[in-house]
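Now for the letters of each chain:
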Amino acid sequence: MNAKSRFRKVLLFSRIDSFVTCGPVRTVRDTDEPGIRQFRVEAIPCYNLVLNLIIIFESKNLADMEKFFVTGHRGLVGSAVVRRLAAEPVETLVATRDEVDLRDGMLVEKFFDDAHPDFVIHVAGTVGGIHANQSRPVDFLYDNSLLHLTVLRAAWLFETKKLLYLGSSCIYPRDCPQPIKEEYLMTGPLERTNDAYAIAKISGLMACQAYRRQYGCNFISGMPTNLYGPNDNFDLQTSHVLPALIRKFHEAKLNGDSSVTVWGTGQPRREFLHVDDLADACLFLLENYDESETINIGTGQDVQISELADIIRTVVYPEAKIKFDSSKPDGTPRKLLDVSKLHSLGWQHQIELHDGIARTYDWFLRSLEQQQVRLQAGVENRT
Ligand code: GDP
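Residues numbered from 1 in each chain as written. Predicted model: local features only at pLDDT ≥ 70, side-chain atom pairs only at ≥ 80, totals over all residues.

**Q** I'd like to hear about the overall build of the protein chain, residue by residue, with values.
**A** The number of helices and strands found in the protein chain is 11 helices and 18 strands. Of all 383 residues assigned to the protein chain, the portion counted as buried reaches 42%. Long-range contacts, defined here as pairs at least 24 residues apart, represent 79% of the contacts in the protein chain between residues at least 6 apart. (Helix = DSSP H or I, 4+ residues; strand = E, 2+ residues; numbered from the N terminus. Buried ≥ 20, exposed ≤ 12 C-beta atoms within 10 Å, placed from the backbone. Contact = placed C-beta atoms within 7 Å.)

Below, the structure written as structure tokens:
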């Protein structure tokens, strides 16, 4: 059974009894009628606005209900997961940072107590590119450590059926053999430019395994490669290379500049996965993967930064020349994941790099018009 067919088990009907603005689930109670559960979502208590959502199951079996809590739903990854879940007849729960600051364990437990998600896709994180990691290591360490401590504990306490946590390919040892197999984790020194982030994320992966060992929780983890796509961070100081170069070439075209400056020597190699492919892989893993060892998620193909720059140049501004600024750091020389484990389970990426960049540039242009591009995002707080 694939992810789609499994998640198509329920039919949902909703009735809006009174006008409401969006707010977190406050109470959940069974009604007298078998198979019907009532959710009360209180928007702003002082206005006493209430939405009663009546959910009737095809099977009349409450146990069939599948609620997915996606953390970090405004970020690159979380928003893609929410888009992917919209194609499934499931209930997707999200919470903004103002509603539930995921670094606050009490708030997180309250949310789980109220909402009781069946599945958690835990992708919230404080993330950024090479410069942001170098200059703000404490933010990366503090936020990302708390984020898994709170959410995993609540998922255990409130008996979430399954949780998927995402690491990142940049937390493998700096000089490990290529392509990187899952078993290379913690076999050597980390890349200095992002070691604080890496330590926090490694502890998240370990936490999934510890909950599984001590309490039998079905917590799994995936290790995505470099990601890109809609809702990426395009702030030149804190972004990753792909969105940074899309913006640089775009602005060079607007200004009529003859060249674009690419950081470093252009020699390092990186693998890139479109975030819509990652979202699909997340659902695939929830359906098909139950092991404690983390699993790599990528394309299995990498390019030199100079090649990447050339593809972006072709898509955005073919007339531009490329200059390299070798005073900027290169970071890890190569980061290519071995994805044979994921391929052997039956999942492959669908979006090739050139096509993915063209789609992302289209999104960038459309979103610029609507002023929805993060051009001055700072460090991305997906909490
Ligand atoms: P990393 O994969 O963790 O090293 O993070 P980045 O995506 O920030 O950087 C990847 C590579 O792209 C590094 O070698 C950077 O020096 C290089 N690079 C080239 N131009 C840029 C740029 O404009 N912004 C960023 N962030 N990296 C760039």
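**Q** Can you lay out the site of the ligand for me, pointing to particular residues and giving the numbers?
**A** Neighbouring the ligand are 21 residues, the closest being Gly-129, Val-241, Trp-263, Gly-264 and Gly-331. When residues of the shell around the ligand are assigned to their parent elements, the largest contribution, 3 residues, is made by helix H7 (residues 241-255). A per-class count over the shell around the ligand returns 10 nonpolar, 8 polar and 3 charged. (Near = placed C-beta within 6 Å. Nonpolar A, V, L, I, M, F, W, Y, C, P; charged D, E, K, R; others polar.)

**Q** Before we move on, could you go through the nonpolar core and cite the residues and values that matter?
**A** One finds Val-77, Val-81, Ile-121, Leu-245, Leu-278 and Cys-282 to be the most contacted residues of the largest nonpolar core, which totals 85 residues. Setting aside chain neighbours within four positions, we find Val-77 in contact with Gly-72, Val-123, Leu-166, Leu-227, Val-275 and Leu-278. (Core = buried A, V, L, I, M, F, W, Y, C linked by C-beta atoms within 7 Å.)

**Q** Please give an account of the sheet that holds strand S17 (residues 334-335) that cites residues and values.
**A** Note on sheets: strands pair through backbone hydrogen bonds, and any given pair is parallel or antiparallel. Read from one edge to the other, the open sheet built from 3 strands follows the order S15-S12-S17, with strand pairing classed as mixed. At either end of the open sheet lies a strand with only one pairing partner, and these are strand S15 (303-304) and S17. Of the pairings in the sheet, the one linking strand S12 (residues 269-270) to S17 comprises 2 bridges and is parallel in character. Each bridged residue has a counterpart across the sheet, and for Arg-269 the counterpart in S17 is Arg-334. (Pairing = 2+ DSSP bridges.)

**Q** If you had to explain unusual backbone geometry to someone new, which residues and values would you point to?
**A** Note the cis peptide between Gln-178 and Pro-179, where omega equals -10°. With respect to the helices and strands, the residue Pro-179 is situated in the loop between strand S8 (162-166) and helix H6 (195-215). Residue Glu-159 is not a glycine yet carries a positive backbone phi of 55°. Looking at the element boundaries, Glu-159 is found in the loop between helix H5 (137-157) and S8. Glu-159 gets classed as exposed once you count the C-beta atoms within 10 Å, which come to 11. You will see that Gln-371, though not glycine, has its phi angle at about 55°, which is positive. The residue Gln-371 is located in the loop between helix H11 (353-369) and strand S18 (380-381) in this model.

**Q** Could you give an account of the pairing of strand S4 (residues 67-71), with specific residues and numbers?
**A** With 4 of its 5 residues buried, S4 lies for the most part within the structure. In the sheet, S4 pairs with strand S5 (residues 91-93) via 3 bridges, with the strands oriented parallel. Along S5, the bridge assignment pairs Phe-69 with Leu-93. On the question of chirality, the crossover connecting S4 to the parallel S5 by way of helix H2 (residues 76-85) is right-handed. For S4 and strand S6 (residues 119-122), the ladder comprises 4 bridges, and the chain directions are parallel. Counterpart to Phe-68 in the pairing with S6 is Phe-119. (Right-handed = clockwise from strand over helix to strand, strands pointing away.)

**Q** Requested: an account of H6, with residues and values cited.
**A** Along its 21 residues, H6 runs 29 Å from first to last C-alpha, staying within 8% of the 30 Å computed at 1.5 Å per residue. Taken together, the buried positions of H6 are Ala-196, Tyr-197, Ala-198, Ala-200, Lys-201, Gly-204, Leu-205, Ala-207 and Cys-208. The secondary structure elements touched by the buried residues of H6 are helix H4 (130-135), H5, S8 and strand S9 (219-224). (Expected span 1.5 Å × (residues − 1).)

**Q** Quick one: what's the story with the sheet that holds S9, residue by residue and with numbers?
**A** Taken together, 6 strands build an open sheet; the order of strands is S5-S4-S6-S8-S9-S14 and the sheet is parallel. Only two strands of the sheet have a single partner each, and these edge strands are S5 and strand S14 (295-297). Adjacent strand axes in the sheet meet at a mean angle of 25°, parallel and antiparallel pairs treated alike. In this fold H2 packs onto S4, S5, S6 and S8, with an angle of close to 160° to the strand it touches most, S4. Helix-sheet contacts for H6 involve S8 and S9, and the interaxial angle to S9 is about 160°. (Axes fitted to C-alpha atoms, helices over the stretch in contact; angles between N-to-C directions.)

**Q** Break down the pairing of S8 for me, with residues and values.
**A** The buried count for S8 comes to 4 of 5 residues, which makes it a mostly enclosed element. Looking at chain direction, S6 and S8 are connected through 4 bridges and run parallel. If you follow Val-120 over to S8, its bridge partner there is Leu-163. Sheet topology note: the S8/S9 ladder contains 4 bridges and is parallel. Paired with Leu-164 across the two strands is Ile-220, which belongs to S9. The β-α-β motif built from S8, the intervening H6 and the parallel element S9 has right-handed crossover chirality.

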